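Single-letter residue listing:
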Amino acid sequence: MPGLEDLYREIILDHYKSPRNRGTLEPPAIRTEGHNPLCGDEIEVYIAVDNDIVSDIKISGQGCSISQSSASMMSAAIKGKPVAEVRALIHRFKHMMSIEDVEEPDTSAPLGDLEALQGVVKFPVRIKCAVLAWNTLAEGLDTAAQ
Amino acid sequence: MTIDIDHIRADFPILADTINGKPLVYLDSANSSHKPQSVIDAMSTFMAHQYSPTNRSAYFLAAQATEMYEGARTKVAKFINARHAHEVVFTKNATESLNLVARAWGAANLSTGDAIVLTHMEHHANIVPWQMLAAEKGFTIRWVPLTADGLLDLSHIDQLLDGAKAFSFTSMSNVLGTINPVKELVSLAHRHGAIAIVDGCQSVPHMPTDVQDWDADFLAFSSHKMLGPTGIGMLWGKESLLDAMPPFLGGGNMIADVTLNGFTCAELPAKFEAGTQPIVEAVGLSAAVDYLNAIGMHNVRQHEMEISRYALDTLTQRFGEDIVIHGSKNVEVRGATFSFAFRDVHPHDISQVLDQHNVCVRAGHHCAKPLMRLLGAHATARASFYLYNTTDEVDALCDALTETGEFFTL
């Protein structure tokens, strides 16, 4: 049986206790909401996209340590990155989370600290928590592309 | 102890199991209860040696299975003190029972300009079916608010019930543990000409039920929360109301005759039991009712009141202001279901740490989002106790919470 330390790695708790990029952005930044209907977690992802670059990102909402730290780490990882690279990272992250419909990812997008979330896979119930921010971000990017 | 707890625990095979070498501390019975060996044996013997479809054939096995299925109905009827066995309709679960009332009674009796009354502490199963029907029929839904300690606030109940056609409420909150004064609420409803529909899921497994004493009109409850199997629920209704209602689902078993031009309904209870019924589940439910009767529902309630006192005292003593237990602290008006907030640790994280000690609690919104919004919580952790739980298990919960606190010290 996997232990708590597999799930709650130090860097995850650090992001939970001191979340990065908390807050909101004013329009024309894009605001996207995500919900985990099973547990009531709610997240809002604000992104500013300029010249195909995610120039700024803010996160608000509430949830468990896994959903909050995943969102915080995501925001730190993608800020200032080109949209194509961000999409590749979303793909890679979801692959790491064993989301079934994700094909073999492009491994050129570095995971960095996000690898700490790999332990979540051993706790299948929590995978939804970890990917909530990422799915919400993907939706925001789709809106930005319209 | 008012009941022989060791003896009872020995009847539940899963309670003797270990996971990763540690015993199971199951505190999620408000969600679904475990099953005694007698229920497991009854279903297994029935499937192995007695199985047959019911109501349709003359052979010995069919007659015997029909007798067992109807015997379950009779036992359930006695368990809630119904006047007639045919007032008990078997459904898939209590959710279906409430949908049946909304779709059959509600569709025939509610229209534009009408109003029904629900409470702020309802489970989604007693909200959404009415909202679905209201969207079609155009009636309004009024809400009974709550007091600060999680009881129904009846200060404006006469205004709320004025002109209402139905008052549908839970007998016990699945989040707060609040036990509502059912008899008084039924009487209030009737005084205003409204029928009284009781969602009994949380109370029927834990205390005596007497629908005649209540003078209620409908009662919905489920088997899997009262030691029986999943897949079968119950709707009790007054004969006159059930007789006057249109059927719910159409199909085999529920008809008296079918022609190319239409159909006529079967008598109660078959009128509301379309298609092949949960026969095996009814046999298991029957054994569950026997088990509860042998212990006595007054004794179950007494045991859970003792556990509640111990839990409230111990949690408060050990954690002081670090824990917020929702609902009343008076065990006379609450059952042994405790939703709580612990420091600022998210309920999911609480339940994850507790799981390391096999302490099973539910974390989430408990299918009562309007109530959660009222509490200002997106989610809570919930520990719920039943006749097989012990005060030692309250201590196990506290020990695991202590570790949770240490782990998530900010």
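Just so it is clear, the model here is predicted, and its values are computed rather than measured.

**Q** Honestly, the overall build of chain A in this entry has me stumped. Any pointers?
**A** For chain A, the count of helices and strands is 5 helices and 3 strands. Going from the N terminus to the C terminus, chain A shows its helices and strands as α-α-β-β-β-α-α-α. For 146 residues, the compact-globule formula gives about 15 Å, and the C-alpha radius of gyration of chain A, at 14 Å, lands near that figure. Counting only C-alpha atoms, chain A reaches 45 × 30 × 25 Å along its principal axes. The buried share of chain A, reckoned over its 146 residues, is 51%. Partitioning the intrachain contacts of chain A with sequence separation of at least 6 by distance along the chain shows that 59% fall at a separation of at least 24.

**Q** Looking at this structure, how should I read helix H3 (residues 60-79) of chain B?
**A** For the α-helix, the turn length of 3.6 residues means that residues three or four positions removed from each other point alike. Residue and element names in this part refer to chain B. Between the first and last C-alpha of H3 there are 28 Å, a value that for 20 residues agrees with the 28 Å anticipated at 1.5 Å per step. Burial in H3 covers these residues: Ala62, Ala65, Thr66, Tyr69, Ala72, Arg73, Val76, Ala77 and Phe79. Residues of H3 that are buried sit in contact with helix H2 (37-50), strand E4 (88-91), strand E9 (218-222), strand E10 (233-237), helix H10 (279-295) and helix H11 (297-319). Just downstream of H3 lies Asn81, where phi reads positive at about 55 degrees.

**Q** Mind showing me how you'd approach unusual backbone geometry here?
**A** Excluding glycine, residues mostly have negative phi values, and the peptide bonds linking residues are mostly trans. The step from Pro27 of chain A to Pro28 of chain A runs through a cis peptide bond, and the omega angle for that step is 15 degrees. In this model, Leu268 of chain B is joined to Pro269 of chain B through a cis peptide bond whose omega is -5 degrees. Tracing the chain through its elements places Pro269 of chain B in the loop between strand E12 (262-265) and H10. Of note, Asn21 of chain A is a non-glycine position whose phi angle comes to about 55 degrees, a positive value. You can see Asn21 of chain A is positioned in the loop between helix H2 (10-17) and strand E1 (30-36). With phi around 60 degrees, Asp52 of chain A is a residue other than glycine that occupies positive phi space. Following the sequence through the fold, Asp52 of chain A ends up in the loop between strand E2 (41-50) and strand E3 (53-62). Overall, Asp52 of chain A belongs to the exposed group, its relative accessible area being 58%.

**Q** Please clarify how the domain arrangement of chain B should be interpreted in this entry.
**A** Residues and elements named next belong to chain B. Examined at the domain level, chain B breaks down into domain 1 (5-29 + 296-407) and domain 2 (52-294). Of note, the centres of domain 1 and domain 2, computed from C-alpha atoms alone, are 28 Å apart. Tallying the contact residues gives 34 residues for domain 1 and 30 residues for domain 2. Roughly 2600 Å² is buried in total at the junction of domain 1 and domain 2, and carbon and sulfur atoms are behind 63% of that figure. Contact with domain 2 buries surface across domain 1, with Met297, Leu371 and Tyr386 losing the most and accounting together for 25% of the total. Linking domain 1 with domain 2 are 0 salt bridges.

**Q** Teacher, can you tell me more about the UniProt feature "domain: Aminotransferase class V" (unreviewed entry) in chain B here?
**A** In this structure's numbering, the residues bearing the UniProt feature "domain: Aminotransferase class V" (unreviewed entry) are residues 25-397 of chain B. As annotated, residues 25-397 of chain B has a helix share of 40% and a strand share of 17%, and its two end C-alpha atoms lie 8 Å apart.

**Q** Sorry, what's going on with the interface of chain A and chain B here?
**A** By a widely used convention, the size of an interface equals the accessible area lost when the partners come together. Listed by partner, the interface residues are 23 residues for chain A and 18 residues for chain B. With both sides pooled, the region where chain A packs onto chain B buries about 1800 Å², and carbon together with sulfur makes up 57% of that total. Our count for the chain A to chain B interface comes out at 1 salt bridge. Salt-bridge contacts for Arg126 of chain A lead to Asp349 of chain B; the nearest nitrogen and oxygen are separated by 2.8 Å. At the boundary of chain A and chain B, one finds 9 residue pairs in polar contact (both at pLDDT 80 or more). Of all the elements in the fold, those that place two or more residues in the side of chain A that touches chain B are helix H1 (4-7), H2, E2 and helix H3 (65-78) of chain A. By residue number, the principal contributor to the side of chain A that touches chain B is H2 of chain A, which donates 3 residues.

**Q** Explanation requested: the packing of H2 of chain B against H10 of chain B in the structure shown.
**A** Angle between the axes and distance between the axes: these two values describe a pair of packed helices. Residues and elements named next belong to chain B. One can describe the packing of H2 onto H10 by two numbers: an axis separation of 8 Å at closest approach and a directional angle of 150 degrees. As far as their axial angle goes, H10 and H2 are roughly antiparallel. Classified by chirality, the crossing of H10 by H2 is right-handed. For the pair H2 and H10, contact is made by Ser38, Val39, Ala42, Met43, Phe46 and Met47 and by Ile279, Val280, Glu281, Val283, Gly284, Ala287, Ala288 and Tyr291, respectively. Looking at the contact of H2 with H10, its residues break down into 11 nonpolar, 2 polar and 1 charged.

About the criteria used
- Residues numbered from 1 in each chain as written.
- Chains lettered and ligands numbered in written order.
- Predicted model: local features only at pLDDT ≥ 70, side-chain atom pairs only at ≥ 80, totals over all residues.
- Heavy atoms only, no water.
- Helix = DSSP H or I, 4+ residues; strand = E, 2+ residues; numbered from the N terminus.
- Rg over C-alpha atoms; globule rule 2.2 N^0.38 Å.
- Buried < 20%, exposed > 50% of the residue type's maximum accessible area, 1.4 Å probe, protein only.
- Contact = heavy atoms within 4.5 Å.
- Expected span 1.5 Å × (residues − 1).
- Domains from an automatic or database assignment.
- Buried area = accessible area lost by both parts, 1.4 Å probe.
- Salt bridge = Lys/Arg side-chain N within 4 Å of Asp/Glu carboxyl O.
- UniProt positions renumbered as here; feature names shortened; annotations may be inferred.
- Polar contact = N/O pair within 3.5 Å; in protein donor to acceptor, adjacent residues only side chain to side chain.
- Axes fitted to C-alpha atoms, helices over the stretch in contact; angles between N-to-C directions.
- Parallel < 35°, antiparallel > 145°, perpendicular 65-115°, else oblique.
- Left-handed = near helix turned anticlockwise from the far one by under 90°.
- Nonpolar A, V, L, I, M, F, W, Y, C, P; charged D, E, K, R; others polar.

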